[in-house]
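# Coordinate inspection notes
So you can see what is in the structure, the chains are spelled out below.
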Amino acid sequence: MGIVDEDVQRVREATDLVELAREHIALKRVGRRFVGLCPFHAEKSGSFNVNPDLGVYMCFGCQARGDAITFVRELEHLDFVGAVERLAQRAGITLRYTDANVTKDRQRKQRLHDAVAAEASTATRSGASRSVSRPTTGTFSRSRSSSSSSHATISSPRASPT
Ligand code: ZN
C-alpha cells in the first residue's frame, strides 16, 4: 500500500521543516539556516542544520540528512507511509492511497466489465441481426400496410372521378 505521489508532494510542500523540527528541538537562526542540537545523536554543539529554502536538514555530527518526511520517520521510528500520514494529519491533508493489489483487482474487474459489455454488445448485435432476419414479418406487415395504402390510393382516384 502506498500513498499517491501527488499527495506525498503536497504533504512535503505543506510542511515547514523548521517549524516541525522546533516541535522537538530548539533551533537558532544562523544566516539563512537554522542550527540546533541534533535529535539523532547526543551532542553539545549544534551540528544540526536546517535549510528552510530546500526543506532539508543535515547533521555534520552523525551525517543524518533528509526532508520533513525523513525527519519524522527517523525521529518517531515510523515507516514512510506512517511518516507521511503523521505530517498529512498535521497539515490537514487527506491522503489518497494506491494499493497495487487493489489496482490490479480493479483492472481485473474492469476487464471483466469490458468483457461483459462486449458480450452484451454482441448480444445486441446478434439481436439486431435477428431483427434483420425478422424483416420478413416487417416487410410483410409493411407490404400489408402498403397494400392498404394502395387500396386507399386506388379508392381515392375512384372517388375523385365520381
Ligand atoms: Zn546528528
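Residues numbered from 1 in each chain as written. Predicted model: local features only at pLDDT ≥ 70, side-chain atom pairs only at ≥ 80, totals over all residues. Heavy atoms only, no water.

Turning next to the pattern of salt bridges. Scanning all chains against the criterion turns up eight salt bridges. Note that arginine 90 and glutamate 23 form a salt bridge whose closest N and O atoms lie 2.8 Å from each other. With a gap of 67 residues between them, arginine 90 in helix H4 (residues 80-91) and glutamate 23 in the loop between helix H2 (17-22) and strand S2 (27-30) connect regions that are remote in the sequence. The class for arginine 90 is partly exposed, based on a relative accessible area of 32%. Linking aspartate 53 and arginine 32 is a salt bridge whose minimum nitrogen-to-oxygen distance equals 2.8 Å. In this pair, aspartate 53 sits in the loop between strand S4 (48-51) and strand S5 (56-59) while arginine 32 sits in the loop between S2 and strand S3 (33-36), placing the two residues 21 residues apart along the sequence. You can call aspartate 53 exposed: its relative accessible area is 52%. Residue arginine 32 is classed as exposed on the basis of its relative accessible area, which comes to 60%. Each member of the salt-bridge network shares a partner with another, and the members are Glu6, Asp7, Arg10 and Arg96. (Salt bridge = Lys/Arg side-chain N within 4 Å of Asp/Glu carboxyl O. Helix = DSSP H or I, 4+ residues; strand = E, 2+ residues; numbered from the N terminus. Buried < 20%, exposed > 50% of the residue type's maximum accessible area, 1.4 Å probe, protein only.)

So, about the side chain of asparagine 51. Looking at the secondary structure, you find asparagine 51 in strand S4. Within the local environment of asparagine 51, its side chain forms a polar contact with the backbone nitrogen of leucine 54, the two atoms lying 3.1 Å apart. (Polar contact = N/O pair within 3.5 Å; in protein donor to acceptor, adjacent residues only side chain to side chain.)

A separate point is unusual backbone geometry. Located in the positive-phi region is glutamine 63, a residue other than glycine, with phi close to 65°. Among the secondary structure elements, glutamine 63 is positioned in the loop between S5 and strand S6 (65-67). Judged by its relative accessible area of 48%, glutamine 63 falls in the partly exposed class. Even without glycine at this site, histidine 77 takes up a positive phi of about 55°. By the element assignment, histidine 77 lies in the loop between helix H3 (68-76) and H4. According to the relative accessible area criterion, histidine 77 is exposed, its value standing at 71%.

Let's shift gears to the coordination of the zinc ion. Taken together, the protein donors to the zinc ion comprise Cys38 (SG), His41 (ND1), Cys59 (SG) and Cys62 (SG), at separations of 2.0 to 2.3 Å. Taken together, the four donor atoms coordinating the zinc ion span angles of 103 to 118° at the metal, a pattern that classifies the geometry as tetrahedral. Mapped onto the sequence, the residues coordinating the zinc ion show the spacing C-x2-H-x17-C-x2-C. In this pair, cysteine 38 sits in the loop between S3 and S4 while cysteine 59 sits in strand S5, placing the two residues 21 residues apart along the sequence. We classify cysteine 59 as buried; its relative accessible area is 0%. (Donors = N, O, S within 2.8 Å, 3.2 Å for Na, K, Ca; no water. Tetrahedral: all angles 85-135°; square planar, octahedral: opposite > 155°, others 65-115°.)

Two elements, S2 and S3, share four bridges in a ladder whose sense is antiparallel. Bridging across to S3, lysine 28 finds its partner in valine 35. What sits between S2 and S3 in their antiparallel hairpin is a turn of two residues, with glycine 31 showing a positive phi close to 65°. (Pairing = 2+ DSSP bridges.)

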